[in-house]
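Structural overview
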Amino acid sequence: MTEAKSYTPIDDQMIDQQIQQYQAELDALKQAKAAALKKEEGFDLYLDLLKNLQRDYELTEEDIFNRRSVQIGEWITDHLPRLNKSALLTRLEKFIGDRLKQQARKKPLTGRPQPARELPPGQYRHPLKLETLEKKTRAPRELNQWVIENSLETVLSWKIDTAQSEG
């Protein structure tokens, strides 16, 4: 035969304690739900206010963020590291990592310098050497050397006016 468990007042006390514990947890959950609903209502009001400001004062999100950029930067540096892996921190880490990779890929200019890049196409005559060079799309090496030695403005003054030379 099976033994029947007898009912004791100790069991009744344990059950009452568990009920009280569950009731306290339920009350805490109800308070958390009410706080979350209040926060959500606040976010909705905030977003509505932003839409009204954007419409009434022709503000853009860029205007708002630019005006608050210092405060946003301070908040990020002061508070964001404590949030561990928040969605914002994860996104910022990816964005900054991508930017650093892009900068690492950019190589400094190598090869010969191109100081005559700013000169317009045409013919240039060195007044002392009486040498004439023509720049079409890219400047010849000698023209770049003239710019390095004499400055861009000086070499620009050496440009030969083609209308004068033909007439």
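A brief look at the structure comes next. Since the structure is predicted, the reported quantities are computational estimates derived from the model, not experimental observations.

What counts, and at which threshold
Residues numbered from 1 in each chain as written. Predicted model: local features only at pLDDT ≥ 70, side-chain atom pairs only at ≥ 80, totals over all residues. Heavy atoms only, no water. Helix = DSSP H or I, 4+ residues; strand = E, 2+ residues; numbered from the N terminus. Buried < 20%, exposed > 50% of the residue type's maximum accessible area, 1.4 Å probe, protein only. Areas by Shrake-Rupley, 256 points an atom, 1.4 Å probe, with all protein chains shown as cover. Arc of directions from axis to C-beta. Contact = heavy atoms within 4.5 Å. Salt bridge = Lys/Arg side-chain N within 4 Å of Asp/Glu carboxyl O. Pairing = 2+ DSSP bridges. Polar contact = N/O pair within 3.5 Å; in protein donor to acceptor, adjacent residues only side chain to side chain. Phe/Tyr/Trp six-rings, centres within 6.5 Å; stacked < 30°, edge-to-face > 60°. Patch = residues over 30% accessible without salt bridge, like charges linked within 9 Å, V, L, I, M, F, W, Y side chains within 5 Å. Expected span 1.5 Å × (residues − 1).

**Some words on the overall build of the chain**
- Along its length, the chain carries seven helices and two strands.
- The order of helices and strands in the chain, counted from the N terminus, is α-α-α-α-β-β-α-α-α.
- The buried share of the chain, reckoned over its 167 residues, is 11%.
- Here the chain displays about 15,000 Å² of accessible surface, and carbon together with sulfur accounts for 55% of that area.

**Focus on helix H5 (residues 141-150)**
- Taken together, the buried positions of H5 are occupied by Leu-143, Asn-144, Trp-146 and Val-147. Down the axis of H5, the buried set is contained in an arc of 155°. They therefore lie on one face.
- Against strand S1 (122-125), strand S2 (132-135) and helix H6 (152-157) lie the buried residues of H5.
- The positive-phi residue at the C-terminal boundary of H5 is Ser-151, with phi of around 90°.

**With respect to the pattern of salt bridges**
- Enumeration over the complete set of coordinates arrives at two salt bridges.
- A salt bridge links Asp-56 to Arg-55, with the shortest nitrogen-to-oxygen separation between them at 3.2 Å. Each member of the pair, Asp-56 as well as Arg-55, is classed as exposed.
- Ionic pairing is found between Asp-98 and Lys-94, a salt bridge with its closest N-O pair at 2.9 Å. Remark: Lys-94 and Asp-98 occur in helix H4 (residues 87-105); sequence separation between them is four residues, near one turn of the helix.
- By relative accessible area, which is 55% here, Lys-94 ends up exposed.

**Examining the pairing of S2**
- Residues of S2 alternate between two faces, with Leu-133 and Lys-135 buried on one and Thr-132 and Glu-134 left unburied on the opposite face.
- Judged from the four bridges that link them, S1 and S2 form a sheet pairing that is antiparallel. Each residue of the ladder has a partner; that of Gly-122, found in S2, is Lys-135.
- Once S1 ends, the chain turns through six residues before running back antiparallel as S2, passing Leu-130 with a positive phi of about 55°.

**With respect to the side chain of Lys-135**
- Considering the arrangement of structural elements, one finds Lys-135 in strand S2.
- Looking at Lys-135, its side chain comes within polar contact range of the main-chain oxygen of Leu-119, at 2.3 Å.
- Aside from chain neighbours lying at most four places away, what touches Lys-135 is Ala-116, Arg-117, Leu-119, Pro-120, Pro-121, Gly-122, Tyr-124, Pro-140 and Leu-143.

**Comments concerning the packing of aromatic side chains**
- Going through the model one piece at a time under the given rule, you end up with one aromatic pair.
- Ring geometry for Trp-146 and Trp-158: centres 5.7 Å apart, planes at 75°, overall edge-to-face. Placement of the pair is Trp-146 in helix H5 and Trp-158 in the loop between H6 and helix H7 (162-166), with a sequence separation of twelve residues.

**Observations concerning a nonpolar patch on the surface**
- A cluster of nonpolar side chains, contributed by Trp-75, Leu-83 and Leu-88, occupies part of the molecular surface with about 270 Å² of accessible area.
- Mapped onto the fold, Leu-83 is located in the loop between helix H3 (69-79) and H4.

**Considerations on helix H1 (residues 9-57)**
- Between the first and last C-alpha of H1 there are 71 Å, a value that for 49 residues agrees with the 72 Å anticipated at 1.5 Å per step.
- Phi for Glu-58, located one or two positions after H1, is positive at around 55°.

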